[in-house]
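This is what each chain is made of:
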Amino acid sequence: MTAQPPAQAGQPAIRRPALKMVIGGKQVSGADGRTFDVVSPVDGRVIARVARGGAEDVDRAVRAARQAFDGEWHTWSQTRRGQTLARFATLIRDHLEELAQLESENMGKPISSARWEIGAVANVMEYYGGAANKLMGETIPVSKPGFDFTLREPIGVVGLIVPWNFPLMLASWKMGPALAAGNTAILKPASYTPLTAIRVAELALEAGFPPGVLNVVTGPGAIVGAAIAAHPGIGKVAFTGETATGQEIMRAAAGNIKKVSLELGGKSPNVVFADADIERFAAESPYSVFDNCGQDCCARSRIIVERSVHDKVVELFAAATRKVKVGDPADPATEVGTMVSFQQRETVLDYVRIGQEEGGRVVVGGGIPADPALAKGAYIEPTVLDRVTSPMRIAQEEVFGPVVVVIPFDTEEEAVRLANDTPYGLSGSVWTRDIGKAIRTAKAIQSGVISVNCNSSVHAEAPFGGYKMSGTGRENGMHAFESYTQVKNVYVDLS
Ligand code: NDP
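Residues numbered from 1 in each chain as written. Predicted model: local features only at pLDDT ≥ 70, side-chain atom pairs only at ≥ 80, totals over all residues. Heavy atoms only, no water.

1. Let's talk about the site of the ligand
Now for step 1: As a structural note, the neighbourhood of the ligand is formed by 28 residues, with Val162, Trp164, Ser191, Gly221 and Gln344 the closest of them.
Now for step 2: Here an oxygen atom of the ligand sits 3.4 Å away from a polar atom, N or O, in the side chain of Asn165.
Now for step 3: Glu248 places a side-chain nitrogen or oxygen 3.1 Å from a nitrogen atom of the ligand.
Now for step 4: Coverage of the ligand by the protein amounts to 86% of the 850 Å² it exposes when considered alone.
Now for step 5: Among the elements that line the shell around the ligand, the one with the most residues is helix H8 (residues 221-230), at four residues.
Now for step 6: Taken together, the residues that form the shell around the ligand break down as 14 nonpolar, 10 polar and four charged.
Now for step 7: Here the shell around the ligand spans two domains, since at least three of its residues come from each of domain 1 (21-264 + 471-488) and domain 2 (269-460). (Near = heavy atom within 4 Å. Polar contact = N/O pair within 3.5 Å; in protein donor to acceptor, adjacent residues only side chain to side chain. Areas by Shrake-Rupley, 256 points an atom, 1.4 Å probe, with all protein chains shown as cover. Helix = DSSP H or I, 4+ residues; strand = E, 2+ residues; numbered from the N terminus. Nonpolar A, V, L, I, M, F, W, Y, C, P; charged D, E, K, R; others polar. Domains from an automatic or database assignment.)

2. With respect to the sheet that holds strand S19 (residues 429-431)
Now for step 1: Strand order in the open sheet made by the seven strands is S15-S16-S17-S14-S13-S19-S20, with mixed pairing throughout. Looking at the sheet topology across the chains shown, the edges are occupied by strand S15 (361-364) and strand S20 (451-452).
Now for step 2: Looking at chain direction, S19 and S20 are connected through two bridges and run parallel. Pairing of Ser429 across the sheet is with Ser451, part of S20.
Now for step 3: Its contacts with the sheet put helix H12 (residues 310-323) on strand S13 (269-272), strand S14 (302-306), S15, strand S16 (383-386) and strand S17 (403-409), and the angle it makes with S15 is roughly 55°.
Now for step 4: Packing against the sheet, helix H15 (residues 412-419) makes contact with S13, S14 and S17, and its axis sits at approximately 150° to S17. (Pairing = 2+ DSSP bridges. Contact = heavy atoms within 4.5 Å. Axes fitted to C-alpha atoms, helices over the stretch in contact; angles between N-to-C directions.)

3. Remarks on the sheet that holds strand S23 (residues 485-492)
Now for step 1: Strand order in the open sheet made by the three strands is S6-S7-S23, with antiparallel pairing throughout. Only two strands of the sheet have a single partner each, and these edge strands are strand S6 (139-140) and S23.
Now for step 2: Here strand S7 (residues 147-154) pairs with S23 via eight bridges, running antiparallel. From the neighbouring strand, Arg152 faces S23, where its bridge partner is Val487.

4. A short note on the domain arrangement of the protein
Now for step 1: Along its sequence, the protein is organised into domain 1 (21-264 + 471-488) and domain 2 (269-460).
Now for step 2: Domain 1 and domain 2 are separated by 31 Å when their C-alpha centres are compared.
Now for step 3: For the pair domain 1 and domain 2, the summed buried surface comes to about 2,100 Å²; carbon and sulfur atoms form 59% of the total.
Now for step 4: Taken together, the links from domain 1 to domain 2 amount to zero salt bridges.
Now for step 5: Mapped onto the side of domain 1 that touches domain 2, the elements with two or more residues apiece are helix H4 (96-107) and helix H5 (111-131).
Now for step 6: A total of six residues in the side of domain 1 that touches domain 2 trace back to one element, the largest contributor, which is H5.
Now for step 7: Of the residues contributing to the side of domain 1 that touches domain 2, the split by class is 13 nonpolar, nine polar and five charged. (Buried area = accessible area lost by both parts, 1.4 Å probe. Salt bridge = Lys/Arg side-chain N within 4 Å of Asp/Glu carboxyl O.)

5. Some remarks on the environment of Gln396
Now for step 1: Here Gln396 lies in helix H14 (residues 393-396).
Now for step 2: One polar contact links the side chain of Gln396 to the main-chain carbonyl oxygen of Asp421, over a distance of 2.7 Å.

6. Re the packing of aromatic side chains
Now for step 1: A full pass over the atoms with the stated rule returns 13 aromatic pairs.
Now for step 2: Look at Trp73 and Trp76: their rings are 5.2 Å apart centre to centre, the planes differ by 50°, and that puts the pair in the tilted class.
Now for step 3: The exposure class of Trp73 is buried, given its relative accessible area of 0%.
Now for step 4: A relative accessible area of 6% places Trp76 in the buried class. (Phe/Tyr/Trp six-rings, centres within 6.5 Å; stacked < 30°, edge-to-face > 60°. Buried < 20%, exposed > 50% of the residue type's maximum accessible area, 1.4 Å probe, protein only.)

7. Things to note about a nonpolar patch on the surface
Now for step 1: Nonpolar side chains collect at one region of the surface, where Ile140, Val142 and Tyr491 lie side by side and expose about 220 Å² of accessible area between them.
Now for step 2: Structurally, the position occupied by Ile140 is in strand S6.
Now for step 3: Residue Ile140 is classed as partly exposed on the basis of its relative accessible area, which comes to 34%. (Patch = residues over 30% accessible without salt bridge, like charges linked within 9 Å, V, L, I, M, F, W, Y side chains within 5 Å.)

Have a look at this one:
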């Protein structure tokens, strides 16, 4: 692999031919000088060539992060850390358009979504900037006459491994609390989408974080990610991605008893009772599963609907789905862009086929859009599958694409049983006008996040994370902040 390849026939030259990692405040190549190509799913073009790091580079980053942790960073007050995060937030906002364009081109998400996400990244930094000097200890009345108090201390070097579906936003959920708590970090972006992570590490330096506080190592998960998970110099690993990868990380982290937080897959239910505002549900809910082309761990990918309103819900939901605007991510009117890759699209199309073989009926979508203007990109139609039962694979496994299944129920008890009938427990929604039923159902669903009469349950200020196979630990809010600290108890003998 070379740093500066010639343009391929018919392809324009790569605009970003040699993007490097950021280690110890410097832009560096991988130890062995290799690179990898980053392809846009919008038209299959290579849009960047990025340093391909390895275990040696993780070592290098851990040394730089440790040096920063023990050095200047250690002497900073929490207030100064918070102020720097606030400056970082401002810089991210100043570069919102640039970062949004990068994210949209790299991942295929609509520019309107990318703009919203980068704004949300800035908000997260601001939130943790404000929180930085508000993490306090306790004084504890112990049974002896001494003085007992606790300190909340940073863990040290933390590893942050993130996926490609919301590349910078999911990184911010980890960077914000990690840095606010006084840790230093090594961020490993997904190989599909490393561009915004590299750029934001440069902005962090510009904001005033000392070199080595935020490092970015790019390269294959099985090498770079695995080295982070196993590294004895890293005290915590925070991961978002596939459940099977999370299990590997947990095993690797056992070596030095790392703290681990995992935000994994989901198969979230959207439970619709007959007394709900069905029209509103149908108008709003396509976005709960088709946004980001369905590549969302919170996607409400199972509609569990009371049988008496099943036909009406399917009809209205299908009509709303037909109106979802699939198109060029650069067009501000586009609501759904491409999948992250052509390979990922194949996986989703396979699932649609499996769902049909199992007895599901495609009500809308199910294939590749016919529009010739979309022929070059990894586009796929938003898809609704009816006549699905809970044991089917299409109702159990995370498709991670714009596919929703519809499953009927007869009683509240059955609705809850179906909602809980997957190995996952990340998110979900309940639609009803009966407040008692809403709260009973929200409490009975085994998942970390639930919304009632709406589909949005994620807020920078509130805890987010999974039950069961959807993960452990919480992101966002003060729960995440505390998870990047460790508690020290100090007892002073006053006798
Ligand atoms: P992965 O879980 O493999 O990737 C997520 C991150 O982990 C990436 O940065 C990846 O690096 C890294 N990684 C991969 N293998 C390891 C490892 N052994 N140790 C440490 N880190 C590792 O997800 P994929 O990108 O492969 O997507 C596969 C499926 O996972 C999707 O189809 C979807 O179902 C699910 N998924 C779920 C997400 C969620 O938010 N719940 C997010 C993304 C995917 P690299 O990119 O270099 O491989």
